[in-house]
Amino acid sequence: MQEAIELALENIKNGGGPFGAVVVKNGKIVGRGVNRVTKNNDPTAHAEVNAIRDACTQLNSFQLIDCEIYSTCEPCPMCLGAIYWARPKKLYFASTKHDAAAIDFDDSFIYSELELPYEKRKIETKKEFMRAESLKIFEEWKNKTDKIEY
């Protein structure tokens, strides 16, 4: 966690956001990430996502089995989803989502949007648009014999 904290502090000095994360496997850091949203003009460039990307590159794997993720803050909904997809064995975080909200990094809006029916969300959402055509893609995947499961 100390490394993640140091990464976050250094990132603030370099014009990035106040978040850092590391991925550890067998006691060794295999991935590092900081918040690069404004530096990269990329809303997905959160510390946890960047640490996951780095670790997956270093480990040559799309999963982080037997890894631990250390984040300076409780992950936002996007990062938490990425963490679950990566399948680490453990997650540690330091400050909470309430601490982040106190400095204007408030994800409560997203959490509440996820609970709403599509027609009540702030972003207009049209569901099942060209669903039949899209289901053909899933059928193609289902029938593929040489796919890599994930």
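Before reading further, recall that the structure is shown in the block above.
Here's what I pulled together on the structure shown here. Just so we're clear, the structure is a prediction, and the values are computed from it rather than from any experiment.

1. So, the nonpolar core
Then, in step 1: The biggest cluster of nonpolar side chains holds 16 residues, and the ones touching the most others in it are V23, I52, A55, L64 and I69.
Then, in step 2: For this core, the elements supplying multiple residues, two or more each, are strand 1 (20-25), helix 3 (47-59), strand 3 (67-73) and helix 4 (77-86).
Then, in step 3: The element contributing the most residues to this core is helix 3, with five residues.
Then, in step 4: Contact partners of I52, with chain neighbours within four places excluded, come to V23, L64, I69, A82, I83 and A86.

2. Some thoughts on the sheet that holds strand 2 (residues 28-34)
The strands making up a sheet associate through hydrogen bonds between their backbones, and the pairing can be parallel or antiparallel.
Then, in step 1: An order of 2-1-3-4 is seen for the four strands of this open sheet, with the pairing classed as mixed. Of all strands in the sheet, those with a lone pairing partner are strand 2 and strand 4 (90-95), marking the two edges. Shown here is a sheet whose adjacent strand axes are inclined to one another by a mean of 15°, direction ignored.
Then, in step 2: Across five bridges, the pairing between strand 1 and strand 3 is antiparallel. Looking at the pairing, A21 lines up with S71 of strand 3.

3. Comments concerning the packing of aromatic side chains
Then, in step 1: The full count for this structure, using the stated rule, is four aromatic pairs.
Then, in step 2: Ring plane angle 5° and centroid distance 4.5 Å describe the contact between Y70 and Y92, whose orientation is recorded as stacked. Of the two residues, Y70 sits in strand 3 while Y92 sits in strand 4, which places them 22 residues apart along the sequence.
Then, in step 3: Since its relative accessible area comes to 30%, Y92 is described here as partly exposed.
Then, in step 4: Taking 6.5 Å as the distance between ring centres and 65° as the angle between the ring planes, the aromatic pair formed by W141 and Y150 counts as edge-to-face.

Here is what the cut-offs are and how they apply
Residues numbered from 1 in each chain as written. Predicted model: local features only at pLDDT ≥ 70, side-chain atom pairs only at ≥ 80, totals over all residues. Heavy atoms only, no water. Core = buried A, V, L, I, M, F, W, Y, C linked by side-chain atoms within 4.5 Å. Buried < 20%, exposed > 50% of the residue type's maximum accessible area, 1.4 Å probe, protein only. Helix = DSSP H or I, 4+ residues; strand = E, 2+ residues; numbered from the N terminus. Contact = heavy atoms within 4.5 Å. Pairing = 2+ DSSP bridges. Axes fitted to C-alpha atoms, helices over the stretch in contact; angles between N-to-C directions. Phe/Tyr/Trp six-rings, centres within 6.5 Å; stacked < 30°, edge-to-face > 60°.

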